[in-house]
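# What the coordinates show
As a plain string of letters, each chain reads:
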Amino acid sequence: MIWLTLLLSASATSGAAPLAHARALVESGQPDAALETLEPMLSAGSAEALAMAGLIHESSGQLLLARQRLEAALTAGELADPGSAHLAMARCHQGTGDTAGAMQHATAAVASAGQDTARLDAALDMLLDVSVAEIGPAEAIALLSGALSPDDLPQAWGRLAEGYLDRGMASAAILPLQAAISSAPHSPAAPDWQLRIADAASMRGRADEEVAALEVLARDYTAATPWSEAQLEDADVDAVAVRIEARLRDTILRMHQDTRLMPASAAANHRVEQLSRLVPVWLIRYPDHAAAGQIHSIYGEQLLRTGRFVASHTQHMAAWELTEDPQHLYAAGFAAERSFTQAAPPAAIEPAHLTPEARALLTTVDLYHHRFPATEGDHTLQLKAAAALMRLGRAREARARLMPIIETAPETAQAESAARAVLNSYITASDWRGARAAAEAFAASPGLSSPALRARLDEVLAETASTR
């Protein structure tokens, strides 16, 4: 009833007594009495009375009768405010299933709104509602282009896109959003339109299109861009930067989580390629952000999963340098070990030169040992480093890393693995005296109590009995 009162107020002429009285009756909830008051003017064909009666009929759901009254009022051509009648006619046509008529009158309502912002908003909402529900985006854009001034079109297209998105019509929203950006690239709303393009792509499950939209967002609407320089308020630019950062990061985290749930496949590799486009964009723009360590880490995890071990090591080391969280340094060590294993030369008997991959592994392991000595992570990484040294024929250096594990935590599975590796290093080199000495020392350690290891020690002692 409130909207009807406002429309009736707009449709009244300069204080004509019957119209004013009818309007007061409508405001007090007496529409039938209002129509009786208007009857003499209706019989005389008063356009204003016909318009008011049409509004009253529309309010009560008498759409066909309302259309008759409103059409007669508009035909008379004497209305002070034809926009309200066009708007009501649009609703009547829409309610009776006449889409063409609804769009015609909604367009006329927009065109006649003038400087009345409230009326323009109401008429535009009606036109957009009809356009979204009944016609495609190209037709809607053409319709709006004919109804609005060029200055009003970008915002109208943005609202048209919102209407499509609200109805789940993501594909239809793209065209008006692109039109809005093209016509007003420096508008304060342009970043939001670009964000909505990314949202529409996400709603459609088009990850490549979403990534491309976000790349444009970060390129065109951050600091030191023509868009930012055109804005009058630095605060607006800062607020946009916050939204862009959050949207990029949310997408990276979502894609990362999706990939963790995927089995190893071409699809998983493709998702990592998408992350490889977004992560550098984020890191270049927000290197000091509190989440930078997390972004480096999850990217390193994805690179590791797809076999890009050197790059993974680099990302995890960056995460460690930013956070000094041991899990990042541990992950860097794991990636370095995988890199060495992938590129390892044939096993050597005599000491061989350290490969670049081996150097990266040993450097990372030594850093972890320096910061977190005698921990489970330290022992695990030392086992990996020792295995690499063994492959390069550097058994003495390998044993120097293995023996502290046995001495400091003999009851652990890692100590048992270290003991076996030490024994194998001697046996591989046919150093039977060394093998026996190690076996005797391990047998004397109460911590090395695994039945399987004890059986192996007995075998080595029996095989080397002649070396006593």
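Everything quoted here is computed from the prediction, not taken from an experiment.

## A look at the overall build of the protein chain
Counting secondary structure elements, the protein chain contains 25 helices and zero strands. A compact globule built from 468 residues would reach a C-alpha radius of gyration of about 23 Å, whereas the protein chain, at 38 Å, exceeds it by more than 25%. Principal-axis analysis of the C-alpha atoms gives the protein chain an extent of 130 × 45 × 35 Å. The buried share of the protein chain, taken over its 468 residues, is 48%. For the protein chain, long-range pairs separated by at least 24 residues make up 56% of all intrachain contacts whose partners lie at least 6 apart in sequence. Within the structure as shown, the protein chain displays about 21800 Å² of accessible surface, and the carbon and sulfur contribution to it stands at 54%.

## Overview of the environment of Gln 178
For Gln 178, the location among the structural elements is in helix α11 (residues 170-183). Considering only alpha carbons, one finds Gln 178 and Ala 190, 12 residues apart in sequence, at a separation of 9.7 Å.

## A short note on the packing of aromatic side chains
Centre distance and the angle of the planes are the two values used to describe a pair of aromatic rings. For the coordinates displayed, the defined rule picks out five aromatic pairs. Measuring from centroid to centroid gives 6.0 Å for Trp 320 and Phe 372, while their planes differ by 75°, and the two rings are edge-to-face. Taken together, the positions of Trp 320 in helix α18 (residues 309-323) and Phe 372 in the loop between α20 (356-371) and α21 (376-391) put the pair 52 residues apart, joining distant regions of the chain. Directly above the aromatic system of Tyr 426 lies the positively charged group of Arg 399, at a separation of 4.1 Å from the ring centroid.

## What to know about helix α2 (residues 17-27)
An α-helical turn contains 3.6 residues, so a residue and the one three or four places further along point in the same direction. Along α2, the residues classified as buried are Leu 19, Ala 22, Arg 23, Leu 25 and Val 26. Around the axis of α2, the buried residues are gathered within 160° of arc, so they sit on the same side. Looking one or two places after α2, you find Gly 29, whose phi comes out positive at around 80°.

## Section: the pattern of salt bridges
Close approach of charged atoms lets side chains of opposite charge pair. A full pass over the atoms with the stated rule returns 22 salt bridges. The salt bridge partner of Asp 199 is Arg 247, with a shortest N-O separation of 3.0 Å. Placement of Asp 199 in helix α12 (residues 190-203) and of Arg 247 in helix α15 (residues 234-261) is noted, with a sequence separation of 48 residues between them. In this structure, the salt-bridge partner of Arg 219 is Asp 220, at a minimum N-O distance of 2.8 Å. Relative accessible area serves as the criterion here: at 26%, Asp 220 is assigned to the partly exposed category. What you see here is one network of salt bridges that share partners, running through Glu 162, Arg 196, Asp 199, Glu 210, Arg 247 and Arg 254.

## Comments concerning the nonpolar core
If you look at the biggest cluster of nonpolar residues, it comprises 72 residues, and the most contacted ones within it are Leu 144, Leu 160, Leu 248 and Trp 282. Discounting residues that sit within four places of it in the chain, Trp 282 has contacts with Glu 245, Leu 248, Arg 249, Ile 252, His 289, Ala 291, Ala 292 and Ile 295. Counting residues in hydrophobic clusters, the runner-up holds 39 residues, among them Ala 336, Ala 386, Ala 438 and Phe 442.

## As for the packing of helix α17 (residues 292-305) against helix α19 (residues 326-343)
Where α17 contacts α19, the axes come no closer than 11 Å and their chain directions differ by 25°. On the basis of the axis angle, α17 is roughly parallel to α19. In the crossing of α17 with α19, the sense of the turn from one axis to the other is left-handed. Within the contact between the two elements, α17 uses Gly 293, Ser 297 and Leu 304 and α19 uses His 328, Phe 334, Ala 335 and Arg 338. Class assignment for the residues of the contact of α17 with α19 results in three nonpolar, three polar and one charged.

## Digging into a negative patch on the surface
A surface patch of like charges, here negative, comprises Glu 233, Asp 234, Asp 236 and Asp 238. Position of Asp 236 among the secondary structure elements: in helix α15. On the basis of relative accessibility, which here comes to 41%, the residue Asp 236 falls in the partly exposed class.

## Notes on the confidence of the model for the protein chain
Overall, the predicted model of the protein chain reaches an average pLDDT of 88, with 96% of residues at or above 70. pLDDT under 50 marks residues 1-15. Its contacts with residues more than four places away, or in other chains, come to 30 contacts.

## Describing the packing of helix α23 (residues 413-428) against helix α25 (residues 451-463)
At a minimum axis separation of 11 Å, α23 and α25 run at an interaxial angle of 20°. Compared by their axis directions, α23 and α25 come out roughly parallel. Note that α23 runs across α25; the crossing there is left-handed. For the pair α23 and α25, contact is made by Glu 416, Ala 419, Arg 420, Leu 423, Asn 424 and Ile 427 and by Ala 452, Leu 453, Arg 456, Leu 457 and Val 460, respectively. Here the residues of the contact of α23 with α25 are counted per class, giving seven nonpolar, one polar and three charged.

## So, the environment of Arg 399
Positionally, Arg 399 belongs in helix α22 (residues 395-408). Note: C-alpha distance between Arg 399 and Leu 383 (16 residues apart in sequence) is 9.8 Å. When sequence neighbours within four positions are dropped, the list of residues in contact with Arg 399 reads Pro 404, Val 422, Ser 425 and Tyr 426. At 2.9 Å, the side chain of Arg 399 forms a polar contact with the side chain of Ser 425.

## Quick look at α17
Compared with an ideal rise of 1.5 Å per residue, which puts 14 residues at 20 Å, α17 spans 20 Å between its outermost C-alpha atoms and is within 8% of the ideal. Of all the residues in α17, the buried ones are Ala 292, Gly 293, Ile 295, His 296, Ser 297, Ile 298, Tyr 299, Gly 300, Gln 302 and Leu 303. Its buried side turned inward, α17 meets α15, α16 (266-285), α18 and α19. Count one or two residues on from α17 and you reach Gly 307, which has phi positive near 80°.

## Let's talk about unusual backbone geometry
Even without a glycine there, the phi angle at Ala 374 is positive, about 60°. Of note, Ala 374 is situated in the loop between α20 and α21. Phi is positive for Ser 430, which is not a glycine, with a value near 60°. By relative accessible area, Ser 430 is classed as partly exposed at 47%.

Cut-offs used in this document
- Residues numbered from 1 in each chain as written.
- Predicted model: local features only at pLDDT ≥ 70, side-chain atom pairs only at ≥ 80, totals over all residues.
- Heavy atoms only, no water.
- Helix = DSSP H or I, 4+ residues; strand = E, 2+ residues; numbered from the N terminus.
- Rg over C-alpha atoms; globule rule 2.2 N^0.38 Å.
- Buried < 20%, exposed > 50% of the residue type's maximum accessible area, 1.4 Å probe, protein only.
- Contact = heavy atoms within 4.5 Å.
- Areas by Shrake-Rupley, 256 points an atom, 1.4 Å probe, with all protein chains shown as cover.
- Phe/Tyr/Trp six-rings, centres within 6.5 Å; stacked < 30°, edge-to-face > 60°.
- Lys NZ or Arg CZ within 6 Å of the ring centre and 35° of its normal.
- Arc of directions from axis to C-beta.
- Salt bridge = Lys/Arg side-chain N within 4 Å of Asp/Glu carboxyl O.
- Core = buried A, V, L, I, M, F, W, Y, C linked by side-chain atoms within 4.5 Å.
- Axes fitted to C-alpha atoms, helices over the stretch in contact; angles between N-to-C directions.
- Parallel < 35°, antiparallel > 145°, perpendicular 65-115°, else oblique.
- Left-handed = near helix turned anticlockwise from the far one by under 90°.
- Nonpolar A, V, L, I, M, F, W, Y, C, P; charged D, E, K, R; others polar.
- Patch = residues over 30% accessible without salt bridge, like charges linked within 9 Å, V, L, I, M, F, W, Y side chains within 5 Å.
- Lys, Arg positive; Asp, Glu negative; His and termini not counted.
- Charge placed at Lys NZ, Arg CZ, Asp CG, Glu CD.
- pLDDT = per-residue confidence, 0-100.
- Polar contact = N/O pair within 3.5 Å; in protein donor to acceptor, adjacent residues only side chain to side chain.
- Expected span 1.5 Å × (residues − 1).

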